[in-house]
Amino acid sequence: MSTRGFVGIGTPTQFDGRYNHWDSYPTGLGAKVWATAQRFLSEDGDLDRFARTFLGYTDWRQMETGGLCAYCGQHTGQPHSISGLLLIADQYPHVSSLAAYRAALQHQGFSAPDARRRAREEWPIVRNLQQTGYPDPQSQHHQHATPDHSAITPDTVDWLFMEWAYLIDPASTTFYVMVGGIETPLTYTVDLIRPNGYHETLHKTRYMGAMLAFYAMRLPAPRWFHVEAAGDALRDSLRKAFAANDAHPLLAPLYTLPRVEVWDQRKISTDRGLRDSKPRQASSREARPGKESL
Ligand SMILES: [Zn+2]
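It should be emphasised that the depicted structure is a prediction, and the values quoted were computed from it without experimental measurement.

Analysis parameters
- Residues numbered from 1 in each chain as written.
- Predicted model: local features only at pLDDT ≥ 70, side-chain atom pairs only at ≥ 80, totals over all residues.
- Helix = DSSP H or I, 4+ residues; strand = E, 2+ residues; numbered from the N terminus.
- Contact = placed C-beta atoms within 7 Å.
- Core = buried A, V, L, I, M, F, W, Y, C linked by C-beta atoms within 7 Å.
- Buried ≥ 20, exposed ≤ 12 C-beta atoms within 10 Å, placed from the backbone.
- Pairing = 2+ DSSP bridges.
- Arc of directions from axis to C-beta.
- Expected span 1.5 Å × (residues − 1).
- pLDDT = per-residue confidence, 0-100.
- Axes fitted to C-alpha atoms, helices over the stretch in contact; angles between N-to-C directions.
- Parallel < 35°, antiparallel > 145°, perpendicular 65-115°, else oblique.
- Nonpolar A, V, L, I, M, F, W, Y, C, P; charged D, E, K, R; others polar.

## Considerations on the overall build of the protein
Within the protein one finds 10 helices and 8 strands. The contacts of the protein with a sequence gap of at least 6 include a subset with a gap of at least 24, amounting to 66%.

Written out as structure tokens, the structure reads:
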């Protein structure tokens with residue numbers, strides 16, 4: 001199951017973050033981020049190169065692949081908008097021609113017309129994989145994110161989707177753990193403008209994130225299992241406290257946020273893959289005046 005989160009450089013009030021799609025729990029992503037940063041810290045004596053390397057990427061997953069795209073072999077942004085065609089590419093390593101590929105599909109049980117149609121679409125990809133090791137070296141069936149469009153900041157983060165976050169402050173070698181997905185009694189309205197210009201009104205609940213703990217990175221690693229349990233307990237107790245008291249002091253900053261947001265999907269159609277995986281990151285940034293860089 002996907003458990004979303006992000007990793008950032010900075011502190012809980014000021015950070016530049018990148019998304020992570022899977023297993024963002026402290027026992028998963030938290031432990032990985034700590035170990036990766038520790039490797040840089042022990043090699044360099046500081047975290048400057050870690051921060052620079054990480055912020056050159058568009059997604060935490062690239063830290064593990066060195067930014068190498070599995071589809072085209074380029075060192076570039078996280079792939080998105082990936083055509084389903086690419087996922088079938090490595091099932092027929094032995095076929096050597098379009099006709100042989102069509103025959104292989106028919107052997108798999110496809111009808112002759114289906115096999116002919118699929119072979120025409122898929123053979124170029126199978127051949128790419130055989131010749132270059134990558135199904136889509138020309139990047140015709142997928143796109144890449146850019147670091148600028150991928151930044152998660154205090155202004156754009158949507159804590160509904162981000163269950164955990166890990167922030168590293170190189171200046172103080174501090175590791176912060178934040179927990180998100182905390183439901184509040186506040187709501188807001190979204191004026192959603194579809195790519196075809198059609199307006200839709202959505203009523204949404206505000207979620208928030210909270211700092212759980214911080215750790216000095218020159219000391220031994222936290223016990224991640226305990227961090228996780230403490231985070232779950234914090235999320236639960238805050239949600240209950242907010243439900244019981246909508247004037248809770250921790251809610252005060254949320255009351256200053258706009259009650260109506262405009263998400264204009266006509267402007268972000270080229271960023272579709274990102275929007276699909278992070279429904280509000282691109283949209284809320286897009287909705288802010290003066291930040292229309294897309
Ligand atoms: Zn690629």
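## Brief notes about the nonpolar core
Residues Ala37, Ala165 and Tyr166 are the most contacted members of the largest nonpolar core, which totals 34 residues. Elements with a minimum of two residues in this core: β1 (5–11), β2 (14–20), α1 (26–44), α2 (48–55), β5 (164–169), β6 (174–193) and β7 (199–216). If near-sequence neighbours (up to four positions away) are discounted, Tyr166 is found in contact with Val7, Leu29, Gly30, Val33, Phe175 and Val177. Core analysis: the second largest hydrophobic core is formed by 11 residues, Cys69, Cys72, Leu105 and Val126 among them.

## Remarks on the pairing of β6
Of the pairings in the sheet, the one linking β5 to β6 comprises 6 bridges and is antiparallel in character. Considered in β6, the bridge of Leu167 is made with Tyr176. The turn linking β5 back onto β6 is made up of 4 residues, and Thr173 within it adopts a positive phi angle of 40°. Two elements, β6 and β7, share 15 bridges in a ladder whose sense is antiparallel. Residue pairing across strands places Thr174 opposite Ala216, the latter belonging to β7. Note that β6 and strand β8 (residues 260–264) share 5 bridges and pair parallel. Across the sheet, Leu192 pairs through a bridge with Trp263, a residue of β8.

## Things to note about α2
Among the residues of α2, those classed as buried are Phe50, Ala51 and Phe54. Axial view of α2: buried residues confined to an arc of 95°, hence all on one face. Of the exposed residues in α2, those oriented more than 90 degrees away from the buried face are Asp48 and Arg52. Buried residues along α2 sit in contact with β1, β2, α1 and α3 (61–65).

## Some points on helix α7 (residues 224–244)
Counted at 1.5 Å a residue, the expected span for α7 with its 21 residues is 30 Å, and the 30 Å between its end C-alpha atoms agrees. Within the span of α7, buried status applies to Val227, Glu228, Gly231, Arg235 and Phe242. The buried side chains of α7 occupy one side of the element, clustering within an arc of 100° when seen end-on. Of the residues in α7, the exposed ones pointing more than 90 degrees away from the buried face are Phe225, His226, Ala233, Asp236, Ser237, Lys240 and Ala244.

## Overview of the confidence of the model for the protein
Across the protein, the average pLDDT comes to 87, with 89% of residues at or above 70. Long-range and interchain partners of residues 269–294, a stretch whose pLDDT sits below 50, account for 48 contacts in this model, where long-range means more than four residues apart.

## Examining the packing of α1 against α2
Running from amino to carboxyl end, α1 crosses α2 at an angle of 135°, the nearest separation of the two axes being 8 Å. By the angle between their axes, α1 is oblique relative to α2. Across the interface between the two elements, Ala37, Phe40 and Asp44 from α1 touch Asp48, Arg49 and Phe50 from α2. For the contact of α1 with α2, the residue count by class is 3 nonpolar, no polar and 3 charged.

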